[in-house]
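Each chain is listed here by its residues.
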Amino acid sequence: MNEENKISRRKVIGGLGAGLAAVAVGPVFGATEPQANAPYAPLSLQDPTSKYPKPPFKGQSQPWPGLASKMDPKPDHGETSYKGSGRLAGRKALITGGDSGMGRAAAIAYAREGADVAINYFPSEEPDAREVVALIKAAGRKAVAIPGDLRDEAFCKRLVDEAVRGLGGLDIVVSNAGRQQAHESILDISTEQFDWTMKTNIYAPFWIIKAALPHLQPGSVIIGTTSEQAYDPSPDLYDYAQTKAATMNYVKSLAKQLGPKGIRVCGVAPGPIWTPLQVSGGATQEKLKNFGSDAALGRPGQPAELASIYVQLADSGASYTTGNIYGAGGGKGQP
Ligand code: NAD
Ligand code: MG
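Residues numbered from 1 in each chain as written. Chains lettered and ligands numbered in written order. Predicted model: local features only at pLDDT ≥ 70, side-chain atom pairs only at ≥ 80, totals over all residues. Heavy atoms only, no water.

Draft legend 1. Expanded view of the packing of aromatic side chains. Taken as a whole and judged by the stated rule, the model has five aromatic pairs. On the numbers, 5.2 Å between centres and 80° between planes, the contact of Trp 64 with Trp 196 is edge-to-face. Residue Trp 64 is located in the loop between α1 (3-25) and β1 (92-96), and its partner Trp 196 is located in helix α5 (residues 191-212); the two are separated by 132 residues in the primary sequence. A relative accessible area of 17% means that Trp 196 is categorised as buried. Centroid distance Trp 274 to Phe 291: 6.2 Å. Interplanar angle 45°. Geometry classified as tilted. Taken together, the residues Trp 274 in the loop between β6 (264-270) and α7 (276-282) and Phe 291 in the loop between α8 (285-289) and α9 (307-314) connect sequence positions 17 residues apart. Each of the two residues, Trp 274 as well as Phe 291, counts as buried. Taken together through their ring pairs, the aromatic side chains of Phe 57, Trp 274 and Phe 291 make up a single cluster. (Phe/Tyr/Trp six-rings, centres within 6.5 Å; stacked < 30°, edge-to-face > 60°. Helix = DSSP H or I, 4+ residues; strand = E, 2+ residues; numbered from the N terminus. Buried < 20%, exposed > 50% of the residue type's maximum accessible area, 1.4 Å probe, protein only.)

Given below as structure tokens:
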């Protein structure tokens, strides 16, 4: 074989190899060069049964809607523990009930993941909301505080408008606010109370999502907070539990409706979580003292333990997750 032939043979084989490599790599869209991991310090294992306070808890009651700052023990929303890694950099989120509980845990985590965050809350929750605004700002992100009553359709529309204006757009909507009052008997639930629960838990998400939709670009996400109650309702939560079944259901229908538009719709189903909702009428004093004792982990969850779920569902990395509900039930509940 003369030199010219050798070269052309090498060229052909090399070219073939490159061609095969292209075929193998080609379909992996968005693939980049492999990245070396940073040298992480090993994390110590944490026993989930002893990580947080266990029952029995002190009896305590606050007028609705309650303040996290007045609870004993105070809930953990990740104030000192949540560490971000840029998963939501540049995103713009509206979170209802962002002053306390799961909404606050999501707000702190979103800000530390690089998102600007607008929170809604009931006007009397201003003290809790101020703490959240300070935490969002401390993370170097924009914080927009929009107090108001979600039972009012006109306010729900204004809420979305103000969030869009304040954030300069919107691509994450967390419909998390909720009303839960325990009543031993259906006979104890007045029409006014029933209406209050329905307005907060079913109408408000309907109004907010309708107002938000024209602003949501493909890649945006809507996240609803449902509950273990959607699947396994307690006898004293007749009205509340059915609203959580409705939330689970709207997540699934809207996901089908909005999937073709590139908008994902997901849900979070918490088990018993230590939040103001429970100490302001959501649970009886009896239930509160032993709150979470029937969970496999023997304690209630803390809002901080759900923060990473809200982050995961909002993250573009979860681009094939829609119409799905992620649970955090401590061993109870479905899914
Ligand atoms: P939380 O009290 O901290 O949050 C509920 C929030 O709803 C309040 O902070 C308040 O801002 C908001 N809200 C209620 N009515 C409102 C109104 N009319 N106008 C404006 N805001 C209003 O309690 P949480 O437990 O974190 O609740 C968040 C969500 O989690 C709710 O949807 C609740 O149903 C759900 N959830 C809670 C538990 C639990 O055990 N705590 C379990 C499953 C699901
Ligand atoms: Mg609150």
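Draft legend 2. Structural context of the pattern of salt bridges. One pass over the structure, following the stated rule, counts 14 salt bridges. Here Asp 72 makes a salt bridge to Lys 58, at a shortest N to O gap of 2.7 Å. Here Asp 72, found in the loop between α1 and β1, pairs with Lys 58, found in the loop between α1 and β1; they are 14 residues apart in sequence, far enough to count as distant. Classification of Asp 72 by relative accessible area gives partly exposed; the value is 34%. Assessed through its relative accessible area of 55%, Lys 58 is described here as exposed. Where Lys 157 meets Glu 153, a salt bridge forms, and the shortest distance between an N and an O atom there is 3.8 Å. With Lys 157 and Glu 153 both in helix α4 (residues 153-167), this residue pair falls four residues apart, about one helical turn. Among the residues examined, Lys 157 registers a relative accessible area of 44% and is labelled partly exposed. (Salt bridge = Lys/Arg side-chain N within 4 Å of Asp/Glu carboxyl O.)

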